[in-house]
Amino acid sequence: MEEIDHLGHERSKIEFDVEAMKIVWAGSQRALEVSDRISRLVASDPIFRKDDRTILSRKELFNTTLRKSAHAWKRIIELRLTEEEASRLRFYIDQPAFMDLHWGMFIPAIKGQGTEEQQKKWLPLAYKMQIIGCYAQTELGHGSNVQGLETTATFDPKTDEFILHSPTLTSSKWWPGGLGKASTHALIYSRLITDGQDHGVHGFIVQLRSLDDHLPLPGITIGDIGIKFGNGAYNSMDNGVLRFDHVRIPRDQMLMRVSQVTREGKYLQSDVPRQLVYGTMVYVRQTIVSDASCALSRAVCIATRYSAVRRQFGSQDGGPETQVIDYKTQQNRLFPLLASAYAYRFVGEWLKWLYTDVTQRLQANDFSTLPEAHACTAGLKSLTTSATADGIEECRKLCGGHGYLCSSGLPELFAVYIPACTYEGDNIVLLLQVSRFLMKTVSQLGSGIKPVGTTAYMGQVEHLMQCHCDVQRAEDWLKPSVILAAFQARAARMSVACAQNLSKFSSQEEGFAELSADLVEAAVAHCQLIVVTKYIEKLQQAIPGKGVKEQLAALCNIYALSLIHKHQGDFLANGCITPKQASLVNWQLRSLYAQVRPNVIGLVDAFNYTDHYLGSILGRYDGNVYPKLYEEAWKDPLNDSVVPDGYHEFIRPMLKQQLRTARL
Ligand SMILES: CCCCCCCC/C=C\CCCCCCCCCCC/C=C/C(=O)SCCNC(=O)CCNC(=O)[C@H](O)C(C)(C)COP(=O)(O)OP(=O)(O)OC[C@H]1O[C@@H](n2cnc3c(N)ncnc32)[C@H](O)[C@@H]1OP(=O)(O)O
Ligand SMILES: Cc1cc2nc3c(=O)[nH]c(=O)nc-3n(C[C@H](O)[C@H](O)[C@H](O)COP(=O)(O)OP(=O)(O)OC[C@H]3O[C@@H](n4cnc5c(N)ncnc54)[C@H](O)[C@@H]3O)c2cc1C
């Protein structure tokens, strides 16, 4: 049967080169080729099917995780996939699994915190998957406050071992992914005690399960922590609980790049900053920013295609009703999310560069950019995951009732995504880290230390405190210099106001506690400025392809102006813009929406997502929504029988009872 493209009319209107935009989104022609090839490989392999995930029991779901992981690993070896290809494979399989923590945290932690000797011993085993590792930091009683962890690792000089112990219930390790059922080893964060002295939290490699029969080793109690939010979703992951009862490990299993314990039990600290113990979190936070663009683009792709298919009201003379995407309210909710997906893509690319740069510097013992790397990864992780979680839910609402069906793909996407606001650092806790960095920057302004990198704008603080936005007409809001000046003035004024208010308190700590809500808002303003700046910088590069740069520029303006509109309270209260200029923002936004409207299907096609990856009937490439929704409904297990199983036991007696009552 001939396939009909229900979105063909939309595609015929596109004014730019979608293939060229695919390259921009993927990062390069080669990255697009890899992505395209691996996504098709996954879509065509029945073991990677995922359409049944929301109706599987927990055990069945976990079993599919094991099967998919083993199959993925087999394919990686058979096809000799590169690291990039393997990571694409993981992306398109689209199922959280213990492998994520093994490759995404256990291995990076050994690389970042292990000595050369330790890396030589452990990495080959981990790379060949002869051991499976997880990252066990969080405890029942403490997650955000890493310095408050209670697990102890006490050095015993008699045997040259550490004794791992969980002294209280709250010291039980709680949450680590892969810990519950799959891992054989863990990187355990625990307090180091030598000679009765507590040296704070350090990392230790600990074997948990036998490599022969997978049973827990003596002194170890271990299990899964239970069902999490949503059907399917993150329940494919075995987040675990773990307790130690005086478990002994050799001394050389403490990761010793940052500090060491000698054979005699002497504690030594190298000149590497203590914060490197937190280095794996910096690495993962950076990856989470790029992931945010993926999750948001996926939701936006579904909502955009469906909004072009869906029609409500407005039929003239019996003609078709209006496509809901043509309602200005729909555009005002959807297009800023589309723009955010592109914005997060570009800031994610930049953050990856920043992370690579700081890693190279660390290897050369240059620690100068570590505080900025920490502030940027923490802040952007927080900003992008919060907006993405909200954005996915908005996309569900943009799809009306059908968005609530699991077959829309949106409920599972939302459920699997939202913990990103919590893991790798609660978003508020992370913003408070950014605000500390900002307050330090402001306090150093008079001391001759020139702010650099993402805080360089603070160097012109005097100008930024008094400058006036010179927008006269709506089109003036299209000038990058005008947008940047407004965002810089807002961020600088909010930070300076916080710093001035902090100085009114007798102690810095008291001030921070009291003003934390304002400090978080200042951190958000700074992070939004980074995203806008990096997007504008991206547009200064050569971008080939007919009309591609124009579309990206329009989206950049939508991203920035919709933020000014949303946060106009900040911009107005700090005197960065006038009420008239705020209203011109809206005029310009409407005109930008009209400019991208014919191109939105092209802009989401450029993500190059397969129908398998999208996992959504509403987001199907061909827009053939209604017949497929109808077909899908009949596949529900409830429809296996016409009369439901409980009819004779529950419904029939009730009906008969009513009949008798009615006769009475
Ligand atoms: C089907 C399968 C297919 C198989 C296919 C196989 C192929 C696979 C291939 C690839 C797969 C890869 C996938 C990867 C995906 C990754 C998955 C990730 C999943 C996520 C799982 C979640 C994990 C976790 O959640 S781990 C636990 C995270 N925990 C936290 O984040 C805790 C948050 N708390 C903190 O970070 C800290 O406690 C704090 C920062 C809030 C406070 O710390 P504290 O020591 O108290 O510090 P403070 O006094 O405030 O500051 C002291 C100074 O230190 C500075 N600082 C703080 N943190 C850092 C840092 N990280 N770096 C640098 N500096 C830091 C701080 O600024 C202070 O500086 P100052 O100058 O003294 O002011
Ligand atoms: C799905 C998932 C997977 C995870 N995987 C892992 C893993 O693999 N390994 C691992 O070690 N951990 C893992 N975690 C744990 C995760 O890292 C922590 O849950 C996270 O760091 C938040 O810490 P918490 O749970 O202690 O939150 P809490 O700190 O208890 O937060 C509770 C509330 O208190 C607020 N709050 C806390 N401190 C402050 C403060 N100083 N100022 C203002 N407000 C504050 C927070 O904003 C939040 O609203 C995972 C968690 C989840 C949900």
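Sequence order as written defines residue numbering, which begins from 1 separately in each chain. Here chains are named by letter from A upward and ligands by number from 1 upward, in the order in which they appear as written. Local features in a predicted model are, by the rule used here, given only for residues with pLDDT of at least 70; side-chain atom pairs are given and counted only at 80 or more, and totals for whole chains, interfaces and linings are based on all residues.

- With an unreviewed UniProt entry as reference, the protein chain is termed Acyl-coenzyme A oxidase, source organism Protea cynaroides.
- UniProt positions are given in the numbering used here, feature names are shortened, and annotations may be inferred rather than shown by experiment. Its UniProt record gives the protein chain a comment under Sequence similarities (unreviewed entry), which states: "Belongs to the acyl-CoA oxidase family."
- Looking at the protein chain in UniProt, the text filed under Subcellular location (unreviewed entry) is "Peroxisome".

**Things to note about the overall build of the protein chain**
- Here a strand is any run of E in DSSP of at least two residues, a helix any run of H or I of at least four, and the numbering for each starts at the N terminus. In terms of helices and strands, the protein chain carries 23 helices and eleven strands.
- Taken over the C-alpha trace, the protein chain has a radius of gyration of 27 Å; the compact-globule value for 664 residues is 26 Å, and the two agree within 12%.
- Its C-alpha atoms give the protein chain principal-axis dimensions of roughly 90 × 75 × 65 Å.
- The exposure label follows from counting other C-beta atoms within 10 Å of a residue's C-beta, where the C-beta atoms are placed from the backbone and the thresholds are 20 or more for buried and 12 or fewer for exposed, leaving partly exposed in between. Out of the 664 residues in the protein chain, the part that is buried amounts to 44%.
- Note that contacts rest on C-beta atoms placed from the backbone: two residues are in contact if these are within 7 Å. Of the contacts made within the protein chain by residues no fewer than 6 positions apart, 74% connect residues no fewer than 24 positions apart. Within these notes, the globule rule equals 2.2 Å times the number of residues to the 0.38 power, and the radius of gyration is based on C-alpha atoms.

**Digging into the pairing of strand β6 (residues 197–207)**
- Examined bridge by bridge, strand β5 (residues 185–194) and β6 share nine bridges and lie antiparallel to one another. If you follow Ala186 over to β6, its bridge partner there is Val206.
- Whether two strands pair depends on DSSP finding at least two bridges between them. Counting the residues that bridge the hairpin from β5 to β6 gives two residues, and of these Asp195 lies at a positive phi of roughly 50 degrees.

**A look at the sheet that holds strand β8 (residues 240–244)**
- The strand order across the open sheet formed by three strands is β4-β8-β7, and the pairing between neighbours is antiparallel. Taken across any chain shown, the strands that pair with only one partner, and hence form the sheet edges, are β4 (173–174) and β7 (220–224).
- Sheet analysis places β4 next to β8, joined by two bridges and oriented antiparallel. Along β8, the bridge assignment pairs Trp174 with Val241.

**Quick word on helix α4 (residues 58–78)**
- In this model α4 runs 30 Å from its N-terminal to its C-terminal C-alpha over 21 residues, within 8% of the 30 Å that 1.5 Å per residue would give.
- Buried within α4 we find Leu61, Phe62, Thr64, Thr65, Lys68, Ser69, Ala72 and Arg75. The buried residues of α4 occupy one face: seen down the axis, they fall within an arc of 150 degrees. The outward face of α4, more than 90 degrees from its buried face, is lined by the exposed residues Lys59, Glu60, Arg67, Lys74, Ile77 and Glu78.
- Next to the buried residues of α4 lie α5 (83–93) and α6 (98–113).
- Once α4 finishes, Arg80 follows within two positions and takes phi at roughly 50 degrees, a positive value. Expected helix span is given by 1.5 Å per residue-to-residue step, counting one fewer step than there are residues. The directions considered for the arc are those from the helix axis to the C-beta atoms.

**Some points on helix α3 (residues 29–43)**
- Relative to the 21 Å expected for 15 residues at 1.5 Å per residue, α3 spans 21 Å between its end C-alpha atoms, a close match to the ideal helical length.
- Of all the residues in α3, the buried ones are Val34, Ser35, Ile38 and Val42. Mapping the buried residues of α3 onto a view down its axis gives an arc of 95 degrees, with all of them on the same face. Along α3, exposed side chains directed more than 90 degrees from the buried face belong to Gln29, Glu33 and Arg37.
- For α3, the elements touching its buried residues are α2 (18–26), α5 and α21 (611–614).

**Topic: the site of ligand 1**
- Gly104, Val146, Gln275, Tyr278 and Gly425 are the nearest of the 38 residues found near ligand 1.
- Mapped by element, the contributors of at least two residues to the shell around ligand 1 are α4, α5, α6, α8 (279–309), α10 (370–398) and α12 (427–443).
- Take the shell around ligand 1: its biggest share by element is five residues, from α5.
- When residues are grouped by polarity, Ala, Val, Leu, Ile, Met, Phe, Trp, Tyr, Cys and Pro land in nonpolar, Asp, Glu, Lys and Arg in charged, and all others, Gly among them, in polar. Residue composition of the shell around ligand 1, grouped by class: 17 nonpolar, 16 polar and five charged. Whether a residue is near a molecule or strand depends on its C-beta atom, generated from backbone atoms, being within 6 Å of that molecule or strand.

**What about the site of ligand 2?**
- Neighbouring ligand 2 are 22 residues; Gln137, Thr138, Gly143, Ser144 and Trp175 lie closest to it.
- Elements with a minimum of two residues in the shell around ligand 2: β1 (133–136) and α12.
- In terms of residues, the shell around ligand 2 owes the most to one element, α12, which gives three residues.
- Tallied by class, residues from the shell around ligand 2 come to eleven nonpolar, ten polar and one charged.

**Examining the packing of α8 against helix α11 (residues 410–417)**
- For helices, the fitted axis covers only the stretch in contact; all axes are lines through C-alpha atoms, and the angles between them, taken along N-to-C directions, range from 0 to 180 degrees. Put simply, α8 and α11 touch, their axes get as near as 11 Å, and they point 165 degrees apart. Considering the angle they form, α8 stands roughly antiparallel to α11. In this structure, α8 meets α11 at a crossing whose hand is left-handed. Across the interface between the two elements, Ala295, Arg298, Ala299 and Ile302 from α8 touch Leu410, Leu413 and Tyr417 from α11.
- Here the residues of the contact of α8 with α11 are counted per class, giving six nonpolar, no polar and one charged. Oblique is the label for any angle not under 35 degrees, not over 145, and not in the 65 to 115 range, which are roughly parallel, roughly antiparallel and roughly perpendicular in turn. By convention, the crossing between two helices is left-handed when the near helix turns anticlockwise from the far helix through less than a right angle, and right-handed when the turn is clockwise.

**Some thoughts on the confidence of the model for the protein chain**
- Per-residue confidence from the predictor is reported as pLDDT, which spans 0 to 100. On average, residues of the protein chain carry a pLDDT of 96, and 99% of them reach 70 or more.
- Of the two predicted TM-score estimates for the complex, the pTM is 0.97 and the ipTM is 0.98.

**Structural notes on the environment of Val241**
- Examined against the element boundaries, Val241 turns out to sit in strand β8.
- In this structure Val241 comes out as partly exposed when scored by C-beta crowding, with 19 C-beta atoms within 10 Å.
- Residues Val241 and Ser172 lie 69 residues apart in sequence; the distance between their C-alpha atoms is 6.5 Å.
- Not counting residues up to four positions away in its chain, the partners in contact with Val241 are Ser172, Lys173, Trp174, Gly223 and Ile225.

**Side note on the packing of helix α9 (residues 328–363) against helix α16 (residues 516–539)**
- Taken N-terminus to C-terminus, the directions of α9 and α16 make an angle of 85 degrees; their axes are 9 Å apart at the nearest point. When the interaxial angle is binned, α9 and α16 end up roughly perpendicular. Across the interface between the two elements, Ala343, Phe346, Val347 and Trp350 of α9 pack against Ile530, Val531, Lys534, Tyr535 and Lys538 of α16.
- A per-class count over the contact of α9 with α16 returns seven nonpolar, no polar and two charged.

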